[in-house]
Amino acid sequence: MKLPLLAAALTALVPSVAMAGPASDAVKFFYTNGRFVGDTDYRDRFIEPVKTLFDQNDAALDSEDGVPCIDSDPALDAQDFDDEELARTLKLSESVNGDRAEVTASFRLFADEEDGSREMVWTLQKVGGSWKVSDIASKTNGWRLSELECFAAPAE
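First things first, this report covers the structure right here in the doc. (Residues numbered from 1 in each chain as written. Predicted model: local features only at pLDDT ≥ 70, side-chain atom pairs only at ≥ 80, totals over all residues. Heavy atoms only, no water.)

## So, the overall build of the protein
Helix and strand counts for the protein come out as four helices and six strands. Helices (α) and strands (β) of the protein occur, in sequence order from the N terminus, as α-β-α-α-α-β-β-β-β-β. Among the 156 residues that make up the protein, the fraction classed as buried is 39%. Partitioning the intrachain contacts of the protein with sequence separation of at least 6 by distance along the chain shows that 52% fall at a separation of at least 24. Split by element, the accessible area of the protein, about 9500 Å² in all, is 51% carbon and sulfur. (Helix = DSSP H or I, 4+ residues; strand = E, 2+ residues; numbered from the N terminus. Buried < 20%, exposed > 50% of the residue type's maximum accessible area, 1.4 Å probe, protein only. Contact = heavy atoms within 4.5 Å. Areas by Shrake-Rupley, 256 points an atom, 1.4 Å probe, with all protein chains shown as cover.)

Okay, structure coming up:
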């Protein structure tokens, strides 16, 4: 029958959309157990361009006159949150197209906070069989991590 072949061909051409999967698991890691995205222990989970930004932020923190460019947790688009509320409201959806994926994380920071809802879009690429984060964007507040500039103070 020709209909199953047509459906298979169309499926191959259109990026798959799923509620959750391996790319979402890579993102979910950062929403469990209070993990901070910028922690050097997790640097192997990132690739360019944001890996360099984290390195520059670390250099600025280590510099006497440096000003860090990351002053909140990019996964949360905030500095504070309630673990239970985040866990209760976290919803992940992913769109995969070959070795590239976008994962959207929607959640609330606090139950009673009027502007506490967040929607974050994570861009990932499969490298060596693992999903690595190349960017994080806040749909809520209109910023993209890869667009931040970070400079350490010049050495004297």
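Anyway, onward from the coordinates.
## Regarding the pairing of strand 4 (residues 117–127)
Two strands pair when backbone bridges link them, and strand 3 (residues 100–108) and strand 4 are joined in this way by nine bridges, in the antiparallel orientation. Paired with Arg108 across the bridge in strand 4 is Ser117. Note: strand 4 against strand 5 (residues 130–138), eight bridges, orientation antiparallel. Looking at strand 5, one finds that Val121 is bridged to Ala137. In textbook terms, the turn of a hairpin is the stretch between consecutive antiparallel strands, and for strand 4 and strand 5 this stretch comprises two residues, one of which, Gly128, has a positive phi near 60 degrees. (Pairing = 2+ DSSP bridges.)

## A look at the pairing of strand 5
Of all nine residues in strand 5, eight are buried; the element is thus mostly enclosed. The pairing of strand 5 with strand 6 (residues 143–144) spans two bridges and is classified as antiparallel. Residue pairing in the sheet places Ala137 in a bridge with Arg144 of strand 6. Count of turn residues in the strand 5/strand 6 antiparallel hairpin: four residues, of which Gly142 carries a positive phi of about 70 degrees.

## Quick notes on the pattern of salt bridges
On inspection of all chains with the given rule, the structure shows eight salt bridges. With a closest N to O distance of 2.9 Å, Asp55 and Arg43 form a salt bridge. In this pair, Asp55 sits in helix 3 (residues 50–62) while Arg43 sits in the loop between helix 2 (22–28) and helix 3, placing the two residues twelve residues apart along the sequence. Owing to a relative accessible area of 35%, Asp55 belongs among the partly exposed residues under this scheme. (Salt bridge = Lys/Arg side-chain N within 4 Å of Asp/Glu carboxyl O.)

## Side note on the packing of aromatic side chains
Going through the model one piece at a time under the given rule, you end up with eight aromatic pairs. Considering the side-chain rings of Phe29 and Tyr42, the 5.2 Å spacing of their centres and the 85 degrees angle between planes classify their relative orientation as edge-to-face. Taken together, the positions of Phe29 in the loop between helix 2 and helix 3 and Tyr42 in the loop between helix 2 and helix 3 put the pair 13 residues apart, joining distant regions of the chain. By relative accessible area, Phe29 is classed as buried at 16%. For Tyr42, a relative accessible area of 17% puts it in the buried group. Arranged with centres 5.2 Å apart and planes meeting at 50 degrees, the rings of Tyr31 and Phe107 form a pair that is tilted. Within this pair, whereas Tyr31 is found in the loop between helix 2 and helix 3, its partner Phe107 is found in strand 3, the two being separated by 76 residues in sequence. The same class applies to Tyr31 as to Phe107, namely buried. Of the aromatic side chains, those joined through ring pairs into one cluster are Phe29, Phe30, Tyr31, Tyr42, Phe46, Phe54, Phe107 and Trp122. When the ring centre of Phe29 is taken as reference, the NZ or CZ atom of Arg35 above it lies at 3.8 Å. Sitting over the ring of Phe29, Arg45 keeps its end group 3.4 Å from the ring centre. (Phe/Tyr/Trp six-rings, centres within 6.5 Å; stacked < 30°, edge-to-face > 60°. Lys NZ or Arg CZ within 6 Å of the ring centre and 35° of its normal.)

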